[in-house]
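Listed here are the chains, written in short residue letters.
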Amino acid sequence: MKPAPFEYRAPDTVDGALALLAEHGEEAKVLAGGQSLIPVLNFRLARPAVLVDLNRISSLAGIEALAGGGLRIGAMTRQRAAERSDLVAARAPLLSEALPHVAHVQIRNRGTVGGSLAHADPAAELPALALALEARFRLRRAGAERWVDARDFYTGLFATALAPDELLDTIDVPPLPPGAGCAFEEVARRHGDYALMGVAAVVVLDGGGVCRIARIACVSAGPGPLRAPSAEAVLQGQRIDSALVHAAADALTRDIEPTSDVHASVEYRTQLARVLTRRAVQRAADRAAGTRSA
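Let us look at the structure shown here. (Residues numbered from 1 in each chain as written. Predicted model: local features only at pLDDT ≥ 70, side-chain atom pairs only at ≥ 80, totals over all residues. Heavy atoms only, no water.)

## A look at the overall build of the chain
Item 1. Secondary structure assignment for the chain yields 12 helices and 14 strands.
Item 2. For the chain, the C-alpha radius of gyration of 19 Å lies close to 19 Å, the compact-globule estimate for 294 residues.
Item 3. Counting only C-alpha atoms and orienting by the principal axes, one finds that the chain spans roughly 60 × 45 × 30 Å.
Item 4. Looking at the chain as a whole, 50% of its 294 residues qualify as buried. (Helix = DSSP H or I, 4+ residues; strand = E, 2+ residues; numbered from the N terminus. Rg over C-alpha atoms; globule rule 2.2 N^0.38 Å. Buried < 20%, exposed > 50% of the residue type's maximum accessible area, 1.4 Å probe, protein only.)

Pasting the structure below:
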C-alpha cells in the first residue's frame, strides 16, 4: 500500500518545525529517520494531514560531552553514529553494547536515537536503555521547553508524554556512578528481528563490594519499556552472588507483563526474562567489581 495524501513540509530550523507543530497539532507527524513511520504510513495506520521532515535541521544531530561525565545526544543523531562514537563508548558503554542489536546496519544508518525513543515501541531497545541509564529528555514547543525523566516519559503502548505540538530534541545521559558496571542481553529469532526479550542492567558496587544501586530494564516485556523494581530491591544492599542473582531473576517475573504471539508464548518469554536477567546482572556485577579493583 501507499500512504494517504499529505502535505510535506521540510523546515530548516527548530523554530520552523515547532511553528508547524503548533499550527497543525494532532494533524501533523514528525519524520526523523522514517524507519518506523514510513511503514505505518504505507499501511495507512497513520494518516497525517502534514508531514514535518526534520532532516534539514542539522542542529538536532550531534553527540557532546557534558561536565561531570555525562553525555548529550541530539534527537536526530543516527543510531549508527552513536554506535560508532568513542564518546558514547567511554561515557555510556551500555548504549554501545546494545546498539548493534537494533535491527540491521542499514536501518541504523537512517534510524535516529530520538525517533526510536519517541516512537515508544515496547520491542525497541533504546527506550529500555533510557530507563536503565536514567536519561532525561528535553521536549520543546513554540516558546517553551521542559525536561522529562525517561521513567515519566513512557505512559503506555506506543504512548509518551509528548504533546501534539512538542518535539523531543535532546537526550541527556547522566554519568555512571563510580563502581558501576553495565550489561545488555537479548534473544531474537534472527539477528535484526525484534527482541523476544531483552534485559539491560546497571549495577553499582561500593568499596566493600555491596550493591548500592541496581537498575534493570526490559524490552518486549509489557506495553512499554519497563523497570523491574522487585528485582532491583533484591540486589540493593547485598553482596551479589549466584543465589542472589537467581533470586532477583525470579523476582523480576512479578514486574513484567509479557504477551503471547506467533513467535513466543508468555511462558517462554517469562523464562527468557529469568535467564537474561541472570546473565545481564552477573556480567554487570563482574564489570562493576573490575572497576572497583582497577
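On we go.
## A look at the sheet that holds strand S2 (residues 28-31)
Item 1. Pairing is parallel in the open sheet, where three strands are placed in the order S1-S3-S2. Since the sheet does not close on itself, it has two edges, and those belong to strand S1 (7-9) and S2, each with one partner. Ignoring strand direction, the axes of neighbouring strands in this sheet form an average angle of 25 degrees.
Item 2. Here S2 pairs with strand S3 (residues 50-53) via four bridges, running parallel. Its bridge partner being in S3, alanine 28 is matched across the sheet by valine 50.
Item 3. Contacting S1, S2 and S3, helix H1 (residues 14-24) runs over the sheet at an angle of about 165 degrees to S3. (Pairing = 2+ DSSP bridges. Axes fitted to C-alpha atoms, helices over the stretch in contact; angles between N-to-C directions. Contact = heavy atoms within 4.5 Å.)

## Remarks on the nonpolar core
Item 1. One finds Leu94, Leu95, Leu117, Leu129, Phe137, Ile171 and Phe184 to be the most contacted residues of the largest nonpolar core, which totals 41 residues.
Item 2. Considering each element in turn, this core owes the most residues, six residues, to helix H8 (residues 125-132).
Item 3. In contact with phenylalanine 137, not counting residues within four places along its chain, are Leu117, Ala130, Arg146, Trp147, Val148, Ala150, Phe153, Tyr154, Leu168, Thr170 and Ile171.
Item 4. Among the nonpolar cores identified, the runner-up in size contains 31 residues, and Leu205, Leu235, Ala284 and Ala285 belong to it. (Core = buried A, V, L, I, M, F, W, Y, C linked by side-chain atoms within 4.5 Å.)

## Some thoughts on the side chain of threonine 270
Item 1. Mapped onto the fold, threonine 270 is located in helix H12 (residues 266-293).
Item 2. Exposure remark for threonine 270: the relative accessible area of 16% places this residue in the buried category.
Item 3. Residues contacting threonine 270, with those up to four places away along its chain left out, are Thr253, Ile256 and Pro258.

## Considerations on the pattern of salt bridges
Item 1. Scanning all chains against the criterion turns up 21 salt bridges.
Item 2. Across the salt bridge formed by glutamate 83 and arginine 80, the nearest N and O atoms sit 2.9 Å from each other. Within this pair, glutamate 83 and its partner arginine 80 are both found in helix H3 (residues 79-83), separated by three residues, close to a single helical turn.
Item 3. In this structure, aspartate 165 engages arginine 141 in a salt bridge whose closest nitrogen and oxygen atoms are separated by 2.9 Å. Taken together, the positions of aspartate 165 in the loop between strand S9 (159-160) and strand S10 (167-173) and arginine 141 in strand S6 (residues 136-141) put the pair 24 residues apart, joining distant regions of the chain.
Item 4. Residue arginine 141 is classed as partly exposed on the basis of its relative accessible area of 29%.
Item 5. Members of the salt-bridge network, linked through shared partners, are Asp15, Arg138, Arg140 and Asp169. (Salt bridge = Lys/Arg side-chain N within 4 Å of Asp/Glu carboxyl O.)

## Observations regarding the environment of lysine 29
Item 1. Within the secondary structure, lysine 29 is located in strand S2.
Item 2. Residue lysine 29 is classed as partly exposed on the basis of its relative accessible area, which comes to 39%.
Item 3. Separated by 45 residues in the primary sequence, lysine 29 and glycine 74 have C-alpha atoms spaced 19 Å apart.
Item 4. The contact partners of lysine 29, leaving out residues within four places of it in the chain, are Leu37, Ala46, Pro48, Val50, Leu51 and Val52.

## Brief notes about the pairing of S3
Item 1. A two-sided burial pattern is seen for S3, the buried positions comprising Val50 and Val52 on one face and Leu51 and Asp53 on the other.
Item 2. Looking at chain direction, S1 and S3 are connected through three bridges and run parallel. Bridge assignment links glutamate 7 to a residue of S3, and that residue is valine 50.
Item 3. Once the chain exits S2 it traverses helix H2 (residues 37-42) before rejoining the sheet at S3, and the crossover so formed is right-handed. (Right-handed = clockwise from strand over helix to strand, strands pointing away.)

## Description of the packing of aromatic side chains
Item 1. One pass over the full model with this rule turns up three aromatic pairs.
Item 2. With a centroid separation of 4.8 Å and an interplanar angle of 85 degrees, the aromatic rings of phenylalanine 137 and phenylalanine 153 are classed as edge-to-face. Note that phenylalanine 137 is positioned in strand S6 and phenylalanine 153 in helix H9 (residues 150-153), a separation of 16 residues in sequence. Residue phenylalanine 137 shares its accessibility class with phenylalanine 153, and that shared class is buried.
Item 3. Consider the rings of phenylalanine 137 and tyrosine 154, whose centres lie 6.4 Å apart with planes at 90 degrees: the pair is edge-to-face. Of this pair, phenylalanine 137 sits in strand S6 while tyrosine 154 is found in strand S8 (residues 154-156), placing the two residues 17 residues apart along the sequence. (Phe/Tyr/Trp six-rings, centres within 6.5 Å; stacked < 30°, edge-to-face > 60°.)

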